[in-house]
Amino acid sequence: MSEVFIMTSVIKTVIKEMKVKYPNYKFVVKRNSYTCLLILDIKPVDKTEEFAYYGGDNCGYIVCNEMYRQISNDFKSHPDIVNNSIGVFNFIVNSKTMELEFN
């Protein structure tokens, strides 16, 4: 088995754990990529909940929901992620979607 396959499997196992921990959020593997191991979109199930608001062209999206930081930190500090030296980068796609990129 290739190292990339093993790392991707580790990430997918962590995603399954997070789905149980955060049932009010939808976790969708957006795509596998040649530039990273995996890209994950996370959206609130409640259509009225937002992660951020648009602060204008000068600053872009501003995080206004503590769950954004909590979910991101849970992925970044998960023992399987840390022990496999997988980097986790978080982004705001739009007000209702956060994206995690695993490298």
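Details of the structure are given in the entry above.
Predicted, not measured: the structure shown is a model, and the values here were computed from it.

*Asks:* Would you mind showing me how to read the packing of aromatic side chains here?
*Replies:* Per the stated rule, a full pass over the model turns up six aromatic pairs. On the numbers, 6.2 Å between centres and 50 degrees between planes, the contact of F27 with F75 is tilted. With a gap of 48 residues between them, F27 in strand β1 (residues 25-31) and F75 in helix α2 (residues 66-77) connect regions that are remote in the sequence. In this structure F75 comes out as buried when scored by relative accessible area, which is 0%. Judged by centre distance (5.2 Å) and plane angle (65 degrees), the ring pair of Y54 and Y61 falls under edge-to-face. Following the ring pairs from residue to residue traces out a cluster consisting of Y22, Y25, F51 and Y68.

*Asks:* Explanation requested: the side chain of D41 in the structure shown.
*Replies:* Along the chain, the position of D41 falls in strand β2 (residues 38-44). Every residue in contact with D41, bar those within four places of it in the chain, is listed here: K26, F27, V28, K30, T97, M98 and E99.

*Asks:* Teacher, can you tell me more about the layout of surface pockets here?
*Replies:* Regions of empty space are outlined by a rolling probe, equal in size to a water molecule, passed over the atoms. Put simply, the largest pocket is a space of about 170 Å³. Among the elements that take part in the lining of the largest pocket, β2 stands out by supplying four residues, more than any other. Tallied by class, the residues present in the lining of the largest pocket amount to four nonpolar, no polar and seven charged.

*Asks:* Would you mind showing me how to read the pattern of salt bridges here?
*Replies:* Any two side chains of opposite charge can pair, given that their charged atoms come close. Scanning all chains against the criterion turns up three salt bridges. Linking K30 and E99 is a salt bridge whose minimum nitrogen-to-oxygen distance equals 3.1 Å. Placement of K30 in strand β1 and of E99 in strand β6 (residues 97-102) is noted, with a sequence separation of 69 residues between them.

*Asks:* Looking at this structure, how should I read the side chain of E49?
*Replies:* Its place among the elements puts E49 in the loop between β2 and β3 (52-54). Look at E49: it is buried, it has no salt bridge, and the nearest opposite charge is K96 at 8.8 Å. At a separation of 2.4 Å, a polar atom in the side chain of E49 contacts the side chain of Y25. When residues no more than four places from it in sequence are discounted, the contact partners of E49 are Y25, P44, N65 and K96.

*Asks:* So what exactly am I meant to see when it comes to the pairing of strand β5 (residues 88-94) here?
*Replies:* Taken residue by residue, a regular strand's side chains alternate between the two faces of the sheet. As defined by bridge partners, β5 adjoins β6 across six bridges and the pair is classed as antiparallel. Residue pairing in the sheet places I92 in a bridge with M98 of β6.

Rules used throughout
Numbers given to residues run from 1 along each chain, matching the order in which its sequence is written. Only residues with pLDDT of at least 70 get local features here, since the model is predicted, and only at 80 or more are side-chain atom pairs given and counted; chain-wide, interface and lining totals rely on the full set of residues. Here the side-chain values reflect all heavy atoms present in the structure, with hydrogen atoms and water set aside. To pair, rings of Phe, Tyr and Trp, with the six-membered ring standing in for Trp, must have centres within 6.5 Å; the planes then decide the type, stacked if under 30 degrees apart, edge-to-face if over 60, and tilted in the middle. Every helix listed is a DSSP run of H or I at least four residues long, and every strand listed is a run of E at least two residues long, numbered separately from the N terminus. Whether a residue is buried, partly exposed or exposed follows from its accessible area with a 1.4 Å probe, protein chains only, as a fraction of its type maximum: under 20%, in between, or over 50%, in that order. Only heavy atoms enter the contact rule, under which two residues are in contact if any of them lie within 4.5 Å. Buriedness for pockets is judged along seven lines, at least five of which must meet protein on both sides within 12 Å for an open set on the 1 Å grid over protein atoms alone, while cavities are sets there where a 1.4 Å probe fits but cannot get out, and lining residues have an atom within 4 Å of a point. Grid points are joined across faces, edges and corners, and a volume is the space filled by probe spheres set on the points. We call Asp, Glu, Lys and Arg charged. Ala, Val, Leu, Ile, Met, Phe, Trp, Tyr, Cys and Pro are nonpolar, and the rest, Gly among them, are polar. Counted as salt bridges are all cases of a side-chain nitrogen of Lys or Arg within 4 Å of a carboxyl oxygen of Asp or Glu. Counted as positive: Lys and Arg. Counted as negative: Asp and Glu. His and the chain ends are not counted at all. Each polar contact in these results corresponds to two N or O atoms within 3.5 Å; when the atoms are within protein, one needs to be able to donate a hydrogen and the other to accept it, and residues that are neighboring in sequence are counted only if both atoms are side-chain atoms. At least two bridges found by DSSP between two strands is the condition for calling them paired.

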